[in-house]
Amino acid sequence: MLFDDPNLLSNEEIRKALIDEGVPSEQVENIIQQFWMHDWGNSFIANKERFELLKNFLAENKPETFSRFDFYSYFYSKVVPNYETINESLQKIALVFELMQTDHLAKNEFEEILKELSEDISIDTLVQAKLISVSEKDNKEIIKWVHHTLTEYLAAAYLLNQENFSETIEKFMCTSESGAITFVPSWTGSLRFLIEQKPEVF
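Residues numbered from 1 in each chain as written. Predicted model: local features only at pLDDT ≥ 70, side-chain atom pairs only at ≥ 80, totals over all residues. Heavy atoms only, no water.

1. A look at the pattern of salt bridges
Tallied over the full model, the rule gives ten salt bridges. Two residues, K55 and E52, come together in a salt bridge whose shortest N-O distance is 3.1 Å. Here E52 and K55 lie together in helix 3 (residues 48-61), a separation of three residues that amounts to about one turn. A salt bridge links K198 to E200; its shortest N-O distance comes to 3.9 Å. The network of salt bridges with common partners includes R68, R192 and E196. (Salt bridge = Lys/Arg side-chain N within 4 Å of Asp/Glu carboxyl O. Helix = DSSP H or I, 4+ residues; strand = E, 2+ residues; numbered from the N terminus.)

Encoded structure:
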């Protein structure tokens, strides 16, 4: 076991389970690399429940080439009730977090975001979907996304739906404060999703 937490799987356990499911070994290695290489020690699919969803995604779709973006789309459709009707609002909420360069906020601040962006999404809904956690720090309730890729995917999905795709990316992901246009490093995760989904643009 790589992790002390019994609910987390090592790459070896993931590899064996996928091969036992009949997933080609080359694709198995590609999947592990996509989740692990840029997220060492914090693989999204190390969580057992998420890994079960990955197995279901592979069994149902049988993709010749694995796409993280497609898997996250599938993941959200399974864990969030009525995802198709609220996905745009959820994307906007995630975009706020990416713009603020954070994965957590005070509960009252998060409630203000929900009030402004969606009447159909509640903290309880997101907690039950195991997308966020609620904890206490310095006598304040804190809302935190359970994994950073959850907002990165949603923000990328939002950007992909914009008419002026390239201009919107530059607006959100770049800064000219130094006098030259430079990339904002905190957007790296969302950029990875965009590159994987639209490699021809980059």
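2. Details of the sheet that holds strand 3 (residues 140-145)
By definition, the strands of a sheet pair up through backbone hydrogen bonds, in either a parallel or an antiparallel sense. The three strands lie next to each other as 1-3-2, forming an open sheet whose pairing is antiparallel. Where the open sheet ends on each side, the last strands, each with one partner, are strand 1 (104-106) and strand 2 (132-137). With strand direction ignored, the average angle separating the axes of adjacent strands in the sheet is 25°. The sheet contact formed by strand 2 and strand 3 spans six bridges and is antiparallel. In the sheet register, I132 faces strand 3, and the bridge partner there is W145. (Pairing = 2+ DSSP bridges. Axes fitted to C-alpha atoms, helices over the stretch in contact; angles between N-to-C directions.)

3. What about the pairing of strand 3?
Side chains on a regular strand alternate between the two faces of the sheet. Relative to strand 3, strand 1 is paired through three bridges, and the arrangement is antiparallel. Counted as the bridge partner of H104 is K144 from strand 3. What sits between strand 2 and strand 3 in their antiparallel hairpin is a turn of two residues, with D138 showing a positive phi close to 50°.

4. Observations concerning the side chain of R50
Mapping R50 onto the fold places it in helix 3. Although buried, R50 forms no salt bridge, and the nearest oppositely charged side chain, E49, lies 7.2 Å from it. Reaching out from R50, the side chain makes a polar contact with the backbone oxygen of F44 at a distance of 3.2 Å. (Buried < 20%, exposed > 50% of the residue type's maximum accessible area, 1.4 Å probe, protein only. Lys, Arg positive; Asp, Glu negative; His and termini not counted. Polar contact = N/O pair within 3.5 Å; in protein donor to acceptor, adjacent residues only side chain to side chain.)

5. Comments concerning the packing of helix 1 (residues 11-20) against helix 3
Helix 3 packs onto helix 1 with a crossing angle of 30° between their chain directions and a minimal axis gap of 11 Å. Taken together, the axes of helix 1 and helix 3 are roughly parallel relative to one another. Considering only the axes of helix 1 and helix 3, their crossing is right-handed. Counted together, I14, A17 and L18 of helix 1 and F51, K55 and L58 of helix 3 form the full contact between these two elements. Partitioned by chemical class, the residues of the contact of helix 1 with helix 3 number five nonpolar, no polar and one charged. (Parallel < 35°, antiparallel > 145°, perpendicular 65-115°, else oblique. Left-handed = near helix turned anticlockwise from the far one by under 90°. Contact = heavy atoms within 4.5 Å. Nonpolar A, V, L, I, M, F, W, Y, C, P; charged D, E, K, R; others polar.)

6. Focus on unusual backbone geometry
Peptide bonds are mostly trans, and most non-glycine residues show a negative phi. The phi torsion at K62 lies on the positive side, around 45°, for a residue other than glycine. Structurally, K62 can be placed in the loop between helix 3 and helix 4 (68-79). Accessibility expressed as a relative area gives 64% for K62, which makes it exposed.

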